[in-house]
Amino acid sequence: DDKCCIDNEMLCRVGTRVKMLFKTDEIESKFSGFVSKCSEETNNISIDFYDENPEWEVPKNDPDVEILDQGLLRLPPSVQKPQRAPMHNADVLNVARFVDAFKLELKLPKGSLADLQDGLEKPDESEFIALLYQALLIGAMEAAKDANPNAIVPAAWLGDNTLSQHTWPEIARRWITCGPHAELNKKRCPEAVAAATCLSATAGGAKSRPEGHLKLLLCLIEDCFDNGDIHSAVDKRVSIEHDTKGLRDEKVKDFIQEEKLNQDRIKTAREAVVTLDEGDGTDLEPVPDEDTATAINLHESAKNNGEVGAMTESEEASELRVAFDEKRAEWKKRRDGRGGKAADKELNDALRQEKKISEQRTKAETNCAVQLEKFCLRQAPLGMDRHRNKYWWFACDAATLYVEPPMPPSGQAQPDPSSYSFEWRMWCGSEAMKQLADSLCEQGVRECELKAGIQKIIEKLGAEDQQSQSKVRAQLKMKQPDDRLFLLSFQFALQEARNIKEVLTTEQLQTLSHELPDWQKIIETPFDCNQMSKLLQHLEHAVHESLSHTKRTNQREAASRARADAPGAEASAQNGIEGPIAGGSAHDLPEEWQNDNIYVNQRVRRDVLDDKGNHAGKANGTVVGYLPKEKADFKSKQTNLDAALWKVKFDDPDLVGSEDLEEYEVIQAINDYKKMVDSSKSAASLRKGVAPTRPADSSSVDVGGSELVYDEGAIDMAEASNKVTGALWTSAMQREAWRREVESAALSNSVVRVCYSASVLCENVLRVMGKTRNDLTTAPRRTRTERGKRPRDVTDVAMFTSVFQNTVTDGGRRVKRVNYAENGNNDSDDSD
């Protein structure tokens, strides 16, 4: 179309999305990122891949860098050229729209578009962002359960005391990179996976860039759509929308019927007036001649202008006018005698009724539109122009009109940047919208509807609107975090350690003092995350070693070692058994069991049943012996023929024990273990960053020598189905994963990960000690509220007391303030 207005300028600016080519192991792969800096002096750009690793600085024309999401935009002729919208505007508006639509169902925090953008720039200081992440995580996890009753969600991720403002970045990281949708996330939202890798590096997720936080929030929102509350809300809103539209259609039919009847009334009334005006054909209404008409017009003009007294009217003109008025008055009198006055009244009443019906219909349509907008599930475009560009308007950014280029043709997997663009443009302010509306064709099938929609928006904005820029900021600038939240989070972890110490027995305290003599000094004033990690590990060790099943396991292992050290014992008895705490060895087996088999010493993972035969989880173990079919005296369950057996000793012998397996069961168990290992390695590898040739994160440092590369989030998922027992951990693997995680968190100085490890340990210790949070001296003096429903805000109370320093009762009497923190030990009556 030669007459259309074309915008095909290729811009490289902050936020522009790119793909960069890397070569790893002779394989070339493209990784998604965005331009974080543009230098006009050096003609270089910096590319960020959403993770915490340093940006890549490359020339703008680097052949390995492909600029995406730009292309050709066609607009109707004479349209004012729009501005380029911020690259992140669609993501920001989508998050804001979801929060506004489902804040009641998911108990999302209240906040404006400015609150959201402030939080993206400075997440460690934003209560809104912290509450939003927590609410979305709860909604996503509950959605996974609603969508699949057998879905596995670790209880610690959803715990009332483990998911908090100090731990949410680590739980969000685990959910996105290790949760039930982890593999799907790598395909549908790789940017969110990349951003999640550095989410827990600093308190409040402050190390993630604003663009990364947007991708994370959108990923969580996607996970929330299977939530039962959202489904109920959607069904309810669809029902309301259907009923509203049905009521609107009925009213429209009534209005149409009423308008038709009134039009017939007007037609009849007009015919009656014409008949009365003509009479029997001999008494027609007088018509002034040319001179009389001129005289009447001059007099009426002077009368309207208030110049009758100053007017000089000729005697002849005055006589003509007066004579005509007298003649017409006589005719009107005769007409009224024929019923003309009643006919005029009927016509006027019909015309007033026509206006009333029109006003009622307009009001009803407006009210219906408001109702439909209120319960609308998805933002609908205003319309399309002749080039099929979509036009969008959002209430949270009311003075801005966006245009989105068309999607590529059906069947084309990757849009061609030279022909298509997914980068939005925008017009700001009423004047720009009016110019756009004026340029649209009223006769066009699409543009007629679009023009009407834009004109309605202009009416909503009013003539006083002079806003010239969008409420979506051109750039979301990442601000440097401060130490305030770090210190608060550190105090949170310290309080969890003190909570654990409060419930320890004398025996456990003695073990702690023996293993860590200066623990009392550390628990009072720990210096850093390393000391906190050291304290948590020794607290865990003291509790773990005191449990009865641990003592029995230690005794069994000591006896096994004694037999191994006895004269004649084979030195190779335990050769090759890897993994945490092997549950037994070949020395514990009868002599007929052999160890010269390819499956012996292989690690396995098996389903575990409880005493009633119900599934109780999974357990890891080691194949420790082989019994040939000639000696096994066993019939296969599958073939009913003689079959060999393999003895499996589990890592938790006191809780699980051992099991004899057939060959097909051994193969399946080995494969299940390898699958679990691969999942853990895949999750752990993400901590090194997304794009290759990056320095490894400190979390990948080998601190234990196990064959597993641990990411505790993957272990959480692997152990989530295990039933809770009297043990501190559901398995030896989970214990080792926790200890590795808390040590790795200290090495990387991640207070978020230390906080989460402390919370999980505190919850487990309270459980095995038969205590609850209410038994602690730090328990809050209030009843528990429903999850997600916040009681009176603490900050509001603080502001109230700062304004009214003198506390008074409702009657105005002054009362003494009581410090419950200082008097909590003496105040045992909570009834007041």
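The structure presented is a predicted model; accordingly, all values stated were derived computationally and were not measured.

**Remarks on the overall build of the protein**
For step 1, the next point in the chain: Scanning the protein from terminus to terminus reveals 25 helices and 16 strands.
For step 2, the next point in the chain: For the protein, buried positions account for 43% of its 832 residues.
For step 3, the next point in the chain: A sequence separation of at least 24 residues applies to 69% of the contacts in the protein between residues at least 6 apart.
For step 4, the next point in the chain: Surface accessibility of the protein: about 44,700 Å² in total, with carbon and sulfur atoms responsible for 49%.

**A word on empty space enclosed by the protein**
For step 1, the next point in the chain: For the coordinates displayed, the defined rule picks out two cavities of 30 Å³ or more.
For step 2, the next point in the chain: Size it by volume and the largest cavity reaches roughly 80 Å³.
For step 3, the next point in the chain: As for the largest cavity, its lining consists of G15, R17, F34, Y50, M87, H88, D91, E211, L214 and K215.
For step 4, the next point in the chain: Element by element, the count of residues in the lining of the largest cavity is highest for helix α7 (residues 210–224), at three residues.

**A word on the state of the cysteines**
One way to say it: the disulfide is the covalent bond shared by the sulfur atoms of two cysteines.
For step 1, the next point in the chain: Tallied over the full model, the rule gives zero disulfides.
For step 2, the next point in the chain: Between C38, a cysteine without a disulfide, and C12, which holds the nearest cysteine sulfur, the sulfur-to-sulfur distance is 4.5 Å.
For step 3, the next point in the chain: Taking relative accessible area as the criterion, C38 reaches 28% and is therefore assigned partly exposed.

**What about the environment of E459?**
For step 1, the next point in the chain: Within the secondary structure, E459 sits in helix α13 (residues 445–461).
For step 2, the next point in the chain: The exposure class of E459 is exposed, given its relative accessible area of 65%.
For step 3, the next point in the chain: Taking C-alpha positions, E459 is 8.9 Å from S430, a pair spaced 29 residues apart along the chain.

**Quick word on the pattern of salt bridges**
For step 1, the next point in the chain: Going through the model one piece at a time under the given rule, you end up with 46 salt bridges.
For step 2, the next point in the chain: Ionic pairing is found between E423 and R84, a salt bridge with its closest N-O pair at 2.8 Å. One end of the pair, E423, is in the loop between β11 (400–404) and β12 (425–428); the other, R84, is in strand β8 (residues 83–84), and 339 residues separate them in sequence.
For step 3, the next point in the chain: Overall, the relative accessible area of 15% leaves R84 in the buried class.
For step 4, the next point in the chain: Several salt bridges share partner residues, and in doing so they unite E170, R173, R174, D711, E712, D716, E741 and R753 into one network.

**As for the sheet that holds strand β15 (residues 645–650)**
For step 1, the next point in the chain: Taken together, the four strands give an open sheet; going across it, the order is β13-β14-β15-β16, and neighbouring strands pair in antiparallel fashion. One side of each edge strand has no neighbouring strand; the edge strands of this open sheet are β13 (603–609) and β16 (658–661). Between one strand axis and the next, the sheet turns by 40° as a mean value, whatever way the strands run.
For step 2, the next point in the chain: When β15 meets β16, the two strands line up antiparallel, connected through four bridges. The residue bridging W646 from the neighbouring strand is L661, located in β16.

**Considering the nonpolar core**
For step 1, the next point in the chain: With 107 residues, the main nonpolar core has L116 and W175 as its most contacted residues.
For step 2, the next point in the chain: Here the element with the most residues in this core is helix α3 (residues 127–147); it accounts for twelve residues.
For step 3, the next point in the chain: Excluding anything up to four places from it in sequence, L116 contacts V92, V95, A96, F128, I129, L132 and L217.
For step 4, the next point in the chain: Formed by 19 residues, the second largest nonpolar core is a distinct cluster that contains V79, L401, W427 and L461.

**Quick look at the sheet that holds β12**
For step 1, the next point in the chain: Strand order in this open sheet of five strands is β8-β12-β11-β10-β9, and the pairing throughout is antiparallel. On the outer flanks of this sheet lie β8 and β9 (383–384), each paired with one strand and no other.
For step 2, the next point in the chain: Relative to β12, β8 runs antiparallel, the two being bridged by two bridges. Bridge pairing in β12 links Q83 to M426.

**Overview of helix α20 (residues 663–685)**
For step 1, the next point in the chain: Here α20 contains 23 residues, and its C-alpha end-to-end distance of 33 Å stays within 8% of the 33 Å for a straight helix at 1.5 Å per residue.
For step 2, the next point in the chain: Of all the residues in α20, the buried ones are E665, V666, A669, I670, Y673, M676, V677, S680, A683 and A684.

**Examining a negative patch on the surface**
For step 1, the next point in the chain: Together, D289, E290, D291, E315, E316 and E319 make up a region of like negative charge exposed at the surface.
For step 2, the next point in the chain: For the negative patch, the secondary structure elements donating two or more residues are α9 (290–304) and α10 (315–337).
For step 3, the next point in the chain: With three residues, α10 is the single largest residue contributor to the negative patch.
For step 4, the next point in the chain: When you line up the elements, E315 lands in helix α10.

**Topic: the packing of aromatic side chains**
For step 1, the next point in the chain: Under the defined criterion, the tally for this structure stands at 18 aromatic pairs.
For step 2, the next point in the chain: Judged by centre distance (5.5 Å) and plane angle (80°), the rings of F22 and F31 are edge-to-face. Neither F22 nor F31 differs from the other in exposure class; each is buried.
For step 3, the next point in the chain: Ring geometry for Y133 against W168: centres 4.2 Å apart, planes inclined by 15°, an arrangement best described as stacked. With Y133 in helix α3 and W168 in helix α4 (residues 168–178), the pair connects residues that are 35 residues apart, well separated along the chain. Accessibility classification places Y133 together with W168 in one group, the buried group.
For step 4, the next point in the chain: A connected cluster of aromatic rings, assembled from ring pairs, spans F22, F31, F49 and W56.

**So, unusual backbone geometry**
For step 1, the next point in the chain: Here the phi dihedral of N43 falls at roughly 60°; this positive angle occurs in a residue that is not glycine.
For step 2, the next point in the chain: Mapping N43 onto the fold places it in the loop between β3 (27–39) and β4 (44–48).
For step 3, the next point in the chain: Notably, R388 is not glycine yet its phi reads approximately 65°, a positive angle.
For step 4, the next point in the chain: Turning to its location among the elements, R388 is positioned in the loop between β9 and β10 (390–393).

**Looking at the side chain of N89**
For step 1, the next point in the chain: Secondary-structure assignment places N89 in helix α1 (residues 89–102).
For step 2, the next point in the chain: Residue N89 is classed as buried on the basis of its relative accessible area of 3%.
For step 3, the next point in the chain: The contact partners of N89, leaving out residues within four places of it in the chain, are Y402, W424 and V472.

**So, the confidence of the model for the protein**
For step 1, the next point in the chain: Confidence in the prediction of the protein, expressed as mean pLDDT, is 79, and 80% of residues score 70 or more.
For step 2, the next point in the chain: Taken element by element, the protein is modelled with least confidence in helix α24 (residues 794–803), mean pLDDT 35, and with most confidence in helix α23 (residues 751–768), mean pLDDT 94.
For step 3, the next point in the chain: Below a pLDDT of 50 lies the segment residues 415–421, which in the model reaches 20 contacts outside its immediate sequence neighbourhood of four places, other chains included.

**Some points on the side chain of S46**
For step 1, the next point in the chain: Position of S46 among the secondary structure elements: in strand β4.
For step 2, the next point in the chain: The exposure class of S46 is buried, given its relative accessible area of 9%.
For step 3, the next point in the chain: Here S46 is in contact with F34, V35, S36, K37, E55, W56 and E57, once residues within four sequence places are set aside.

**Quick look at the environment of D438**
For step 1, the next point in the chain: Relative to the helices and strands, D438 resides in helix α12 (residues 430–439).
For step 2, the next point in the chain: A sequence separation of 13 residues divides D438 from K451, and the C-alpha atoms of the two residues are 8.0 Å apart.

**Examining α10**
Residues three or four positions apart in an α-helix share a direction because the helix packs 3.6 residues into each turn.
For step 1, the next point in the chain: Between the first and last C-alpha of α10 there are 33 Å, a value that for 23 residues agrees with the 33 Å anticipated at 1.5 Å per step.
For step 2, the next point in the chain: Three or more residues of α10 are buried, namely A317, R321, F324, W331 and R335.
For step 3, the next point in the chain: Just downstream of α10 lies G339, where phi reads positive at about 100°.

**Examining the packing of α1 against helix α8 (residues 228–278)**
Relative orientation and spacing of two packed helices are given, respectively, by the angle between their axes and the distance between those axes.
For step 1, the next point in the chain: Where α1 contacts α8, the axes come no closer than 11 Å and their chain directions differ by 80°. Relative to α8, the element α1 lies roughly perpendicular. Residues F98, A101 and F102 of α1 form the contact with α8, whose own contacting residues are I230, A233, V234 and R237.
For step 2, the next point in the chain: A breakdown of the residues in the contact of α1 with α8 according to their chemical character gives six nonpolar, no polar and one charged.

Reading the values: the criteria
- Residues numbered from 1 in each chain as written.
- Predicted model: local features only at pLDDT ≥ 70, side-chain atom pairs only at ≥ 80, totals over all residues.
- Heavy atoms only, no water.
- Helix = DSSP H or I, 4+ residues; strand = E, 2+ residues; numbered from the N terminus.
- Buried < 20%, exposed > 50% of the residue type's maximum accessible area, 1.4 Å probe, protein only.
- Contact = heavy atoms within 4.5 Å.
- Areas by Shrake-Rupley, 256 points an atom, 1.4 Å probe, with all protein chains shown as cover.
- 1 Å grid on protein atoms, 1.4 Å probe; cavity = no way out; pocket = protein on both sides within 12 Å on 5 of 7 lines; lining within 4 Å.
- Points joined across faces, edges and corners; volume = space filled by probe spheres on them.
- Disulfide = S-S within 2.5 Å.
- Salt bridge = Lys/Arg side-chain N within 4 Å of Asp/Glu carboxyl O.
- Pairing = 2+ DSSP bridges.
- Axes fitted to C-alpha atoms, helices over the stretch in contact; angles between N-to-C directions.
- Core = buried A, V, L, I, M, F, W, Y, C linked by side-chain atoms within 4.5 Å.
- Expected span 1.5 Å × (residues − 1).
- Patch = residues over 30% accessible without salt bridge, like charges linked within 9 Å, V, L, I, M, F, W, Y side chains within 5 Å.
- Lys, Arg positive; Asp, Glu negative; His and termini not counted.
- Charge placed at Lys NZ, Arg CZ, Asp CG, Glu CD.
- Phe/Tyr/Trp six-rings, centres within 6.5 Å; stacked < 30°, edge-to-face > 60°.
- pLDDT = per-residue confidence, 0-100.
- Parallel < 35°, antiparallel > 145°, perpendicular 65-115°, else oblique.
- Nonpolar A, V, L, I, M, F, W, Y, C, P; charged D, E, K, R; others polar.

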